[in-house]
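# Architecture and fold: a report
Now for the letters of each chain:
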Amino acid sequence: MELIIRPDREAAAQLVARIVAGELRINPRLVLGMATGSTMEAVYRILVRLHLKEDLDFSQCRTFNLDEYVGLAASHGNSYHQFMYEHLFRHVNIDLRNTHLPSGLAPDLDAECQRYEAMIQDAGGIDLQLLGIGTAGHIGFNEPLSALRSRTRVKALAPTTIKQNAPLFDDPSKMPRRAITMGVGTILEARRCLLLATGAAKADIIAQAVEGPITSMVTASALQLHPRCTVIVDEQAAGKLKEKEYYRWIFENEPEWEAYQ
Ligand code: F6R
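The residue numbers shown here count from 1 along each chain, following its written sequence. With pLDDT at 70 or above as the cut-off, local features in this predicted model cover only qualifying residues; side-chain atom pairs require 80 or more to be listed or tallied, and sums for whole chains, interfaces and linings still use all residues. To get the side-chain values, all heavy atoms of the structure are used, and hydrogens and water are removed first.

### So, the sheet that holds strand S6 (residues 128-131)
The condition is simple: If DSSP finds at least two bridges between two strands, the strands pair. To qualify as a helix, a DSSP run of H or I must reach at least 4 residues; to qualify as a strand, a run of E must reach at least 2; elements of each kind are numbered from the N terminus. Whether two residues are in contact is decided by their heavy atoms: any pair within 4.5 Å suffices. Comment: axis = line fitted to C-alpha atoms, over the contacting stretch for helices; angle = value between 0 and 180 degrees taken between N-to-C directions.
The 7 strands are arranged S1-S10-S9-S6-S2-S3-S5 in an open sheet whose pairing can be described as parallel. One side of each edge strand has no neighbouring strand; the edge strands of this open sheet are strand S1 (2-6) and strand S5 (99-100). Relative to S6, strand S2 (residues 31-34) runs parallel, the two being bridged by 2 bridges. Paired with Gly 33 across the two strands is Gln 129, which belongs to S6. Where helix H4 (residues 109-122) meets the sheet, its contacts fall on strand S3 (62-65) and S5, and the angle it forms with S3 comes to roughly 150°.

Next comes the structure, spelled out in structure tokens:
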């Protein structure tokens, strides 16, 4: 795992967007794993700008989102289908047929989860997976105690997650209590993972995920097992890390990051 500290939210999102853009330029048929949530909004805003100003081409790119609420139609204002459409897909030249999210309305949810896993396999697996982190330590909706080898399935959302996301609903009591999510095992199979966390509210959980033990209580800690995972944070989200100076030294001295200084 690598940890990169950027001065503020915007700079952290910039770095994530530049890495995505770099990978997409090398491989236009990139299979991108997408995350939603407020942290990702800045990344998608920058990617849209790169598309408009620097011709970043999404025409051959394929996407798979991490998760979707059970019970919400794709057209629902709070669905992750809508989130992706509003923040990214409608602004870039992506072919919507190449964008995938699980269906929260599938009559057989278990079959839907298996279908989703099979589609990821058929696409050749995920090249680059974007991740946020919840205050409960989740990646995707892999709530505390999720098996670290889990696959795409339906999960009950933790009270912390409901507290985090319910205010986004017109009627917070209508927030679904379950979601379909890629499993931790599914996420760990992506060839590269990029986790973005910003703001002081994420400082505790970032310290646990990066410097704490690998535990199903903090599913983001499973990323310590991933051979190519970069965690990008702003100064605020880095607030509780013990080894900040070491992470800064690595970023300044690793040749891979020279172009991003
Ligand atoms: C969303 C997702 C979640 C979020 C996380 C952080 O697709 O998978 O894990 O990334 O809850 O959400 P924000 O950015 O809203 O704090």
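Still to come is the rest of the account.
### Describing unusual backbone geometry
For clarity, the threshold we go by: Three labels apply to residues, based on accessible area from a 1.4 Å probe with only protein chains included: buried if under 20% of the type maximum, exposed if over 50%, partly exposed otherwise in between.
Positive phi, close to 55°, is recorded for Asp 55, a residue that is not glycine. Position of Asp 55 relative to the elements: it lies in the loop between helix H2 (38-54) and S3. Accessibility expressed as a relative area gives 64% for Asp 55, which makes it exposed. In this structure, Leu 145 takes a positive phi of about 80° despite not being glycine. You can see Leu 145 is positioned in the loop between S6 and strand S7 (153-156). Looking at Leu 145, the relative accessible area reads 61%, which means it is exposed.

### Some details on helix H3 (residues 80-87)
What counts is decided by this rule: Within this analysis, the arc is defined by the directions that extend from the helix axis to the C-beta atoms. Think of a polar contact as two N or O atoms within 3.5 Å of one another; within protein, one of them needs to be a possible hydrogen donor and the other a possible acceptor, and neighboring residues in sequence only count if both atoms come from side chains.
Of all the residues in H3, the buried ones are Tyr 80, Phe 83 and Met 84. Seen end-on, H3 carries its buried residues on one side only, within an arc spanning 95°. On its buried side, H3 packs onto S2, H2, S3, strand S4 (67-69) and helix H5 (159-165). For H3, the N-terminal capping position is held by Ser 79, with its side-chain oxygen 3.4 Å away from the main-chain nitrogen of His 81.

### A look at the pattern of salt bridges
Selection rule: What counts as a salt bridge is simple: a side-chain nitrogen of Lys or Arg found within 4 Å of a carboxyl oxygen of Asp or Glu.
Applying the stated rule across the entire model yields 14 salt bridges. Between Lys 240 and Asp 204 there is a salt bridge; the shortest N-O distance is 3.5 Å. Pair noted here: Lys 240 is in the loop between strand S10 (229-234) and helix H8 (244-253) and Asp 204 is in helix H7 (residues 203-211), with a separation of 36 residues, a long-range link. Classification of Asp 204 by relative accessible area gives partly exposed; the value is 45%. Connected via shared salt-bridge partners are Glu 23, Arg 192, Arg 228 and Glu 256.

### Side note on H7
Owing to its 3.6 residues per turn, the α-helix brings residues three or four apart onto one side. Here H7 has its buried residues at Ala 203, Ile 205, Ile 206, Ala 207, Ala 209 and Val 210. In the core, the buried residues of H7 are packed alongside S1, strand S9 (192-197), S10 and H8.

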